[in-house]
Amino acid sequence: MPGSVRSARHAVRDALHQWGFDSAVGDVAVLLVSELVTNSLRHASGPIGVRLRWSHPRGDGPDTGSGARGLLVEVSDPVPDPPTERSAGPEDEGGRGLQLVACSARSWGTRRGKSGKTVWFELALPG
């Protein structure tokens, strides 16, 4: 699955472009998807899914539950264990992905499914 992260980035960028979102939102979404898909590739064997939904207070998009305009991004994999946020030192090469998600997203979390888990984040959208 060497191209999985690249494929996920392209799919997210293409979807957001088709929906008319500006590149600043797309850049953050693509970065965070890259982090979560990379985590899944490191810790899971099996299918990894990425899903996007957006909400608008006027009802123009799917409801993400926040009542405000937002983009909900979900990355699913077959491992039921939730990811663990780590503290990374200045010389560490890894351990910053979930910190980046936590700092960049309006909210984020995990939920267990029938087989595996979903890690999600929500980004605020301008407007």
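Our subject is the structure listed above.
Notes on the structure follow. (Residues numbered from 1 in each chain as written. Predicted model: local features only at pLDDT ≥ 70, side-chain atom pairs only at ≥ 80, totals over all residues. Heavy atoms only, no water.)

**Re the packing of helix 1 (residues 4-19) against helix 2 (residues 23-43)**
Argument step 1. Relative to each other, helix 1 and helix 2 sit at 150°, their axes nearing to 9 Å. When the axes of helix 1 and helix 2 are compared, the pair comes out roughly antiparallel. Note that helix 1 runs across helix 2; the crossing there is right-handed. Contacts from Ser4, Val5, Ala8, Arg9, Val12, Arg13 and Leu16 in helix 1 reach Gly26, Asp27, Ala29, Val30, Val33, Ser34, Val37, Thr38 and Leu41 in helix 2.
Argument step 2. Classifying every residue of the contact of helix 1 with helix 2 gives 9 nonpolar, 4 polar and 3 charged. (Axes fitted to C-alpha atoms, helices over the stretch in contact; angles between N-to-C directions. Helix = DSSP H or I, 4+ residues; strand = E, 2+ residues; numbered from the N terminus. Parallel < 35°, antiparallel > 145°, perpendicular 65-115°, else oblique. Left-handed = near helix turned anticlockwise from the far one by under 90°. Contact = heavy atoms within 4.5 Å. Nonpolar A, V, L, I, M, F, W, Y, C, P; charged D, E, K, R; others polar.)

**Considering helix 3 (residues 97-104)**
The α-helix advances 3.6 residues per turn, and as a result positions three or four apart in sequence lie on the same side.
Argument step 1. Turning to helix 3, its buried residues are Gly97, Leu98 and Val101. Here the buried residues of helix 3 occupy an arc of 95° about the axis, which is enough to place them on one side.
Argument step 2. Elements in contact with the buried residues of helix 3: helix 2, strand 3 (107-113) and strand 4 (116-124). (Buried < 20%, exposed > 50% of the residue type's maximum accessible area, 1.4 Å probe, protein only. Arc of directions from axis to C-beta.)

**Digging into the pattern of salt bridges**
Argument step 1. As enumerated under the stated definition, the model contains 5 salt bridges in all.
Argument step 2. Residue Arg51 pairs with Glu74 through a salt bridge whose shortest N-O separation is 2.7 Å. A residue pair is termed long-range when its members are at least 10 positions apart, and Arg51 in strand 1 (residues 49-55) and Glu74 in strand 2 (residues 70-77) qualify at 23 residues.
Argument step 3. A residue is classified by how much of its surface remains accessible, and Glu74, at 6% relative accessible area, is buried. (Salt bridge = Lys/Arg side-chain N within 4 Å of Asp/Glu carboxyl O.)

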